[in-house]
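What follows is the residue order along each chain.
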Protein chains: 2
Amino acid sequence: MTGNAQPGRVGYRDIANDLRQQIDSGELPPGSRVPGENDLMVTYGIEQPTARRALDALKNEGLIVAKRGSGTFVREFKPIRRVSPDRLKATSWGSGQPIWSTDIGTRPRTEGVTVDVEVPPARVADVLKLDDGARVVVRRRRYVVDDKPVQLATSYFPEALVAGSAITEINTGEGGAYARLAELGHEPTRFREELRSRMPREAEREALDLAQGTPVILIVRTAYTADDQPVEVNEMVLDSSAYVLEYKFTSHD
Amino acid sequence: MTGNAQPGRVGYRDIANDLRQQIDSGELPPGSRVPGENDLMVTYGIEQPTARRALDALKNEGLIVAKRGSGTFVREFKPIRRVSPDRLKATSWGSGQPIWSTDIGTRPRTEGVTVDVEVPPARVADVLKLDDGARVVVRRRRYVVDDKPVQLATSYFPEALVAGSAITEINTGEGGAYARLAELGHEPTRFREELRSRMPREAEREALDLAQGTPVILIVRTAYTADDQPVEVNEMVLDSSAYVLEYKFTSHD
């Protein structure tokens, strides 16, 4: 006891610590129900604001997740495993598979595909080495598992490269956009993925239906041909609670 | 206006939205000072709890950062760029360089190195294919930029492989642990990095001195020899506000 704290007086931090320890020890395992505000008020003899604040702290830490209408639960992590470079091997999309079909775990489905022709943001125009005002074909879509969106993706292709191909249509056909690029003589052979993580912006939180305390992973992938021409920039926003990213490489790559 | 809201009554969400828009538009650029509670009370004619709640929402979103004793500022992102596989090329550590010396941006220094011999956690023993009770040499350290820790790292080496080498000493010598492994006939040539992101645990938040609303990136790297023997597991915890991770690979890797 320090300062003026009354002996026996329980603060929200004490309750958060208690619950955190029960989660860490496995006493409250992943997926199990967490005591609600009323339970905490009875157990600890506290007022509602204190109970709420304790639960809120654990939500912000991402340890517990409120599910609308059914209570609050210890967060579970059953991720999709996204293995590179395996998933981008030419033998995979070259044989008509979608790229994410090599991902391990529940297979997301693609939803809400839109195709537009736009002048891209400067950062994309730079990477694609486009002239001022040159346009791109923009493919936006989201990936969904069990009705829960797990990823937003926006791909930019130089219009001059892909005009008239199935890349400009909602359905790109077998093997997807990379197979079409190969047919056009622009096979992507080299990739760069840049990753960072941060808390979601409001729009991202809504589009991915993210629980409190869930960061997003941002990936920007650039695809290059064998002669170093950039042919696609793909900006992805991933629900961090849905993915493990795996990269394999050698000291002689 | 919905429900019983009084016309003209300003809620914390309105203020958070206002500030968010000023940040997004660049009116409040990265690094600039954000109005304090007192400023917001005057500007919006609100009580302190409302002002505090608005600022707290933006802190949880990671948009603004409180600096002890000097106020609250729009978050800046000036990351270290960590490029793989370049940073693990044998030509790099083989020539006596530390691995992170190829990282781009401010160069972190290593601090607080400890070396212990322990029985590892089961997950590490599994990956290293160790017999029950077999011990590992554990190297713990943190990486620091401008007195701010940016990464915690814990490397596990099978004791049977590295006993008696400089890997068991605080200073591993030129080229570090990988150069020593090579001398011992266990050159690491193949790597797997597994990444995820989540909000920090209490101990991580303290050890990395993380601002509110800052996730961590977890990386587990496993190093293998040419004959597929695992020789190191390195568990890293990165301050997500300090790093961009870059991976380069080909469709024929």
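Residues numbered from 1 in each chain as written. Chains lettered and ligands numbered in written order. Predicted model: local features only at pLDDT ≥ 70, side-chain atom pairs only at ≥ 80, totals over all residues. Heavy atoms only, no water.

*Asks:* Is there a simple way to think about the domain arrangement of chain A in this case?
*Replies:* Residues and elements named next belong to chain A. Split into domains, chain A comes out as domain 1 (12-74) and domain 2 (80-247). Interface area for domain 1 against domain 2, summed over the two sides, is near 390 Å², with a carbon-plus-sulfur share of 40%. At the junction of domain 1 and domain 2, the tally comes to one salt bridge. For arginine 68, the salt bridge identified is with aspartate 209, shortest N-O distance 3.7 Å. If you look at where domain 1 meets domain 2, you find two residue pairs in polar contact (both at pLDDT 80 or more). By residue number, the principal contributor to the side of domain 1 that touches domain 2 is helix 3 (residues 48-60), which donates three residues. Of the residues that constitute the side of domain 1 that touches domain 2, the class distribution is one nonpolar, two polar and four charged. (Domains from an automatic or database assignment. Buried area = accessible area lost by both parts, 1.4 Å probe. Salt bridge = Lys/Arg side-chain N within 4 Å of Asp/Glu carboxyl O. Polar contact = N/O pair within 3.5 Å; in protein donor to acceptor, adjacent residues only side chain to side chain. Helix = DSSP H or I, 4+ residues; strand = E, 2+ residues; numbered from the N terminus. Nonpolar A, V, L, I, M, F, W, Y, C, P; charged D, E, K, R; others polar.)

*Asks:* Sorry if this is basic, but what is going on with the relation of the copies chain A and chain B here?
*Replies:* Copy one and copy two of the chain differ by a rotation about an axis and a translation along that axis. Of the transformation superimposing chain A on chain B, the axial component is 0.0 Å and the angular component is 180°, with the fit at an RMSD of 0.0 Å. Here the symmetry operator amounts to a two-fold rotation axis. Across chain A, the smallest distance between a C-alpha and the rotation axis is recorded for A:Pro215, namely 3.2 Å. Of the residues that chain A buries at the interface, 100% are likewise interface residues in chain B, meaning the two copies contact each other through the same surface. (Least-squares fit on C-alpha atoms with pLDDT ≥ 70 in both. Contact = heavy atoms within 4.5 Å.)

*Asks:* Just to check I follow, could you spell out the pattern of salt bridges for this structure?
*Replies:* One side chain can pair with another of opposite charge once the charged atoms of both are near each other. All names here are of chain B. This model, assessed by the stated rule, comprises 44 salt bridges over all chains. As a salt-bridge pair, arginine 20 and glutamate 61 come within 2.7 Å of each other at their nearest N and O atoms. Taken as a pair, arginine 20 in helix 1 (residues 12-25) and glutamate 61 in the loop between helix 3 (48-60) and strand 1 (64-67) lie far apart in primary sequence, 41 residues in all. Overall, the relative accessible area of 11% leaves arginine 20 in the buried class. Among the residues examined, glutamate 61 registers a relative accessible area of 16% and is labelled buried. The salt bridge partner of arginine 123 is glutamate 235, with a shortest N-O separation of 2.7 Å. Of this pair, arginine 123 sits in helix 5 (residues 122-127) while glutamate 235 sits in strand 9 (residues 230-239), and the two are 112 residues apart along the sequence. Judged by relative accessible area, arginine 123 falls into the partly exposed class, the value being 49%. (Buried < 20%, exposed > 50% of the residue type's maximum accessible area, 1.4 Å probe, protein only.)

*Asks:* I tried to follow the environment of A:His252 on my own but got confused; where do I start?
*Replies:* Within the secondary structure, A:His252 is located in the segment after strand 10 (243-250). A relative accessible area of 56% means that A:His252 is categorised as exposed. With 32 residues separating them along the chain, A:His252 and A:Val220 place their C-alpha atoms 24 Å apart. If we ignore the near neighbours within four places in the chain, the residues touching A:His252 are B:Ala90, B:Glu187 and B:Thr189.

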